[in-house]
Amino acid sequence: MTAAGVVVEDDLARRIRRPGDLLRCAAAFAGIALLVAAGLLAKATTSGVETDVVGASRRLPSEVLSTLRVVAILVLVLLPVALAIRQLVRRQARRLAEAVATGVATAVVVGLAGLGLRTGLGDQLYRAIAMSSPGARHFALLDGYLAGLVAYTTIIDLSGRPRWRNALWLTLGVYAVASLATLRTTVLSVLITLLLGRAIGLAVRYAAGSMSQRPSGEAIAAALAPVGLTVTELRRVDAAGAASRRYAAVTRDGGRLDVRVFDRDQQAAGALYRVYRLVRLRGQVSRRAPLTTDRAAERTALLTYAVEDAGVPTPRLRALVRAGPEALVLATEERHGTALADLSGTLTDAQLELVWDAVLRLHAHRVAHRSLTADRILIDDAGQVILLDPGIGDVAASDLQLRLDLSQLLAELAALVGPDRAADLALRRVGPAELVTLVPLLQPVVLARSTRSTLRRDKDVLPALRKRLLATAPDDVPEVPPVQLERIRLRTLVTLVATVLAGYLLIVQLGRVNFATLLSQANPLWILVALGLSALTYVAAALSLSGFVPGRLNFIRTMLAQLAGSFVTLVTPAAVGGAALNIRYLQRNKVPPAVAAASVGVVQVVAFVLHILLLVIFVAITGARSHSLRPPTWVYFVIAGLVVAALGVAAVPQGRRLLRARLAPALGQVLPRLLEVLQQPRKLAEGLGGALMLTACYIVCLDACVRAFGGSLALTSAAVVYLTGSALGSLVPTPGGLGAVEAALAAGLTATGMAAATAVSAVLLFRLLTFWLPVPAGWGAFTYLRRRQAL
């Protein structure tokens, strides 16, 4: 369209989704989860806070509290009416209708949730939120009207209207204090109600979109006019819905501009990723991307001036102006050229050397680009190198930041023209002594996202580049020490989370049993026998793994790896965590990944076959077909669900293709490895012997636990009970088979005619010695192997 002499081609959406709304919604739900967890797990703390708040509020006279509550309720009723009148006066009837609908829906949902918490399913959560204060009278656990009001005002959006916002929160605060003092609600109830209303309102606002306040193309052209840039044409060149808007502009004198618009409503886009990188990486390693549009625009302008001052061609900055209260406009001269990504097949060494020269000239002025990707490096018709988008770089860059910049360029060129050619070019421009210092920095975590994506498709590029650079290192150059670029490794974070979860499960499970009483009733000699048998299971597991792996393994470390599996299986299903740990251990011992996976697969196949064979043999010997093992009802539902899911997948052609795609490679690796083992009698004996010894140790350990409490059981019956119980535990996808194993073993022992009390005590002792007690030692073994780089 044409307006005021400006031809505008734009696709300005009327409604937009603000990333900040999604971020705030996630924060609100996280806050609700934390409050619920505090009510469930920290009852003493929350009760103390409740007592302090109520005590402080009761210092006011009761007449004052009653008056304040009445006034607050009156204001809470009149406030939405006043806001509705205001919206109608401003002719924003649609937003008002959306706000009313959202508020009513939120009130209904929250009200129903409050009623649901009074039922049996939510009784524990109800008591946690209500905090069961003696003498307290809670009229409504969750206030539907209060949540609806918060959702209503969230849709209307009071940002930029401090008077209305302050009035709302002041009234809510007075109402909450008065209600707490009269024991009509609790602190957790008020906070959860407010957060629910806020979360639902933000979720609806993000899903439906907000009315756009972005400046139009005409407004952008009008903002550029006072600084001498009279725009006659403005054409949108980025995809609609992108994080920032870009326009190609033509001025009255025929000049061409690249116009970038920093909209304030998009300032939270990618904030979670930026914060994640900031937390994970060290200060100088993470790219210091600003979190506000104003800072982003100012930083881009500063870096543009710095690059230009260094004598490196980059689009010249012509203007940085505001376009209304919601956006900043940055205009640069349009530079023409061809990106390296489009020249990958025709790039000459001379062109690549010019790229290196431009970057080194930039570094001579202590400026780092920090985003040297193939689409941000242009070569124009005159052969000149142009660097685009320096906005996330650094001025007054440190030596580490400059080396990171070189590492990014080196990795990008290696992905573009191959590692050998990229290394040879770098050697000619930088020299071998300095290039060797870049090797420790060639880590995917510090590279640009597009570079990581490219290298992920070709995983051999980065290792080949490191090898090539190390091969060119002079003899007199000392060994380069590794560089710690991360504050916290992802593996360390996973270990920490697993440790906390394991500790919580351990405390919860063990807290239900008085083990002091249990152990005092048991025969200590049989306890020692059972403990020794439990320790022998890790020796047997190490023998089983070593027997099916080509070559020799360090037996002590292999046994420690099996002990570490006791910690891993606490937070993962039994058949998953141990296998993954063993594969990782074998790979660290220089066993090829395919062979490692095949060897662990053979161990699992052999263990499964032996388990079934032994179960059939012992059932036949003892005549245990009549034994009635009765695990909890939910176990049958879980098993039935797994069977139905498996049948459903097998019934669908896509599911069968997926199964074939997943199972065929595994079987293709396992069967050849199994045939190799069959041709090595010593290895076969070691593997089978270890697997049989593992099962035998568990069976005899269970028998010893029974005898520790004065019971007696035929060894064949103990074998049937253990084999059946462990099979059920492996079928139920819970960490370590929690719940299913205990119930199945106890039911099996009871079915043999054993007293229920003796059966339960024996099972608890068995699980203590074989599952819970090894967990701390397993954590120690896991930590030790990680420090030794064996995991």
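Owing to the predicted nature of the structure, the values given are computational and were not obtained by experimental measurement. (Residues numbered from 1 in each chain as written. Predicted model: local features only at pLDDT ≥ 70, side-chain atom pairs only at ≥ 80, totals over all residues. Heavy atoms only, no water.)

Caption draft 1: Expanded view of the overall build of the protein. Across its full length, the protein carries 30 helices and 14 strands. Expressed as a percentage of its 791 residues, the buried residues of the protein come to 45%. Considering only contacts within the protein whose residues lie at least 6 apart along the sequence, 76% involve residues at least 24 apart. Summed over all atoms, the accessible surface of the protein reaches about 38600 Å², with 63% contributed by carbon and sulfur. (Helix = DSSP H or I, 4+ residues; strand = E, 2+ residues; numbered from the N terminus. Buried < 20%, exposed > 50% of the residue type's maximum accessible area, 1.4 Å probe, protein only. Contact = heavy atoms within 4.5 Å. Areas by Shrake-Rupley, 256 points an atom, 1.4 Å probe, with all protein chains shown as cover.)

Caption draft 2: View of the nonpolar core. By size, the foremost hydrophobic cluster in this structure holds 43 residues, and its most contacted members are Leu340, Trp356, Ile377, Leu409, Leu410 and Leu469. Among the elements of the structure, α11 (293-309), α12 (349-364), β12 (377-379), β13 (385-387), α13 (399-417), α14 (419-429) and α17 (461-471) are those that each provide at least two residues to this core. Top element by residues in this core is α13. It accounts for seven residues. Residues contacting Ile377, with those up to four places away along its chain left out, are Thr338, Ala339, Leu340, Val355, Leu372, Val385, Ile386, Leu387 and Leu409. Membership of the second largest hydrophobic core comes to 37 residues, among which are Leu518, Leu533, Leu713 and Leu745. (Core = buried A, V, L, I, M, F, W, Y, C linked by side-chain atoms within 4.5 Å.)

Caption draft 3: The pairing of strand β6 (residues 245-251), seen in detail. In terms of residue burial, β6 counts as a mostly covered element, since six of its seven residues are buried. Sheet analysis places strand β5 (residues 231-236) next to β6, joined by five bridges and oriented antiparallel. By the bridge assignment, Glu233 is partnered in β6 with Val250. Where β6 folds back on strand β7 (residues 256-263), the antiparallel hairpin that results is connected by four residues, among which Gly254 adopts a positive phi of roughly 90 degrees. (Pairing = 2+ DSSP bridges.)

Caption draft 4: Structural view of the sheet that holds β12. Ordered by their spatial adjacency, three strands build an open sheet running β10-β12-β13, and the pairing between neighbours is antiparallel. Two strands bound the open sheet, and with one partner strand each, they are β10 (338-339) and β13. Bridge count between β10 and β12: two bridges; the pairing is antiparallel. Its bridge partner lying in β12, Ala339 is registered against Leu378.

Caption draft 5: Structural context of the environment of Arg318. Looking at the secondary structure, you find Arg318 in strand β8 (residues 317-322). Residues Arg318 and Leu330, twelve residues apart in the sequence, show an inter-C-alpha distance of 7.8 Å. Apart from the residues lying within four places of it in its own chain, the contact partners of Arg318 are Leu229, Leu257, Ala331, Thr332 and Glu333.

Caption draft 6: A look at unusual backbone geometry. In this model, Asp389 sits at a positive phi of 45 degrees, which is unusual for a non-glycine residue. Here Asp389 is to be found in the loop between β13 and β14 (394-395). The backbone of Lys590 shows a phi angle near 65 degrees, a positive value even though the residue is not glycine. In this structure, Lys590 sits in the loop between α22 (574-588) and α23 (593-622). Using a relative accessible area of 80% as the deciding quantity, one classes Lys590 as exposed.

Caption draft 7: Spatial organisation of the environment of Ser450. Locating Ser450 in the fold gives a position in helix α16 (residues 449-457). You can call Ser450 partly exposed: its relative accessible area is 40%. Distance from Ser450 to Ala374, taken between C-alpha atoms, is 9.2 Å for residues 76 residues apart in sequence.

Caption draft 8: Layout of the side chain of Thr695. With respect to the element layout, Thr695 can be found in helix α26 (residues 681-708). Among all residues touching Thr695, those that are not within four sequence positions of it are Leu614, Tyr722 and Leu723.

Caption draft 9: Expanded view of the pattern of salt bridges. Here the structure, examined in full by the defined rule, presents 27 salt bridges. Of the charged contacts in the structure, one is a salt bridge between Asp258 and Arg246, with a shortest N-O distance of 3.1 Å. Within this pair, whereas Asp258 is found in strand β7, its partner Arg246 is found in strand β6, the two being separated by twelve residues in sequence. The partly exposed category is assigned to Asp258, whose relative accessible area is 23%. With a relative accessible area of 22%, Arg246 lands in the partly exposed category. Residues Asp349 and Arg428 are paired through a salt bridge, measuring 3.6 Å at the closest nitrogen-oxygen approach. Within this pair, whereas Asp349 is found in helix α12, its partner Arg428 is found in helix α14, the two being separated by 79 residues in sequence. (Salt bridge = Lys/Arg side-chain N within 4 Å of Asp/Glu carboxyl O.)

Caption draft 10: Quick look at α17. The complete set of buried residues in α17 reads Val461, Leu462, Leu465 and Leu469. The arc that holds the buried residues of α17, viewed along the axis, is 90 degrees, so those residues lie on one side. Within α17, the exposed residues directed more than 90 degrees away from the buried face are Lys467 and Ala471. The inward-facing, buried residues of α17 abut α13, α14, α15 (432-436) and α16. (Arc of directions from axis to C-beta.)

Caption draft 11: A nonpolar patch on the surface, seen in detail. Side chains of Val605, Phe608, Val609, Ile612, Leu613, Val616, Ile617 and Ile621 sit close together on the surface and give an oily, nonpolar patch of about 720 Å² of accessible area. Within the fold, Ile612 resides in helix α23. Residue class for Ile612 comes out partly exposed when judged on its relative accessible area of 37%. (Patch = residues over 30% accessible without salt bridge, like charges linked within 9 Å, V, L, I, M, F, W, Y side chains within 5 Å.)

Caption draft 12: Representation of α13 in the model. Between the first and last C-alpha of α13 there are 27 Å, a value that for 19 residues agrees with the 27 Å anticipated at 1.5 Å per step. Summarising burial for α13: 14 of the 19 residues are buried, a large majority. (Expected span 1.5 Å × (residues − 1).)

Caption draft 13: Spotlight on the pairing of strand β2 (residues 6-9). Across the two faces of β2 the burial differs, with Val6 and Val8 buried and Val7 and Glu9 not buried at all. Note: β2 against β5, three bridges, orientation parallel. Each residue of the ladder has a partner; that of Val7, found in β5, is Glu233.

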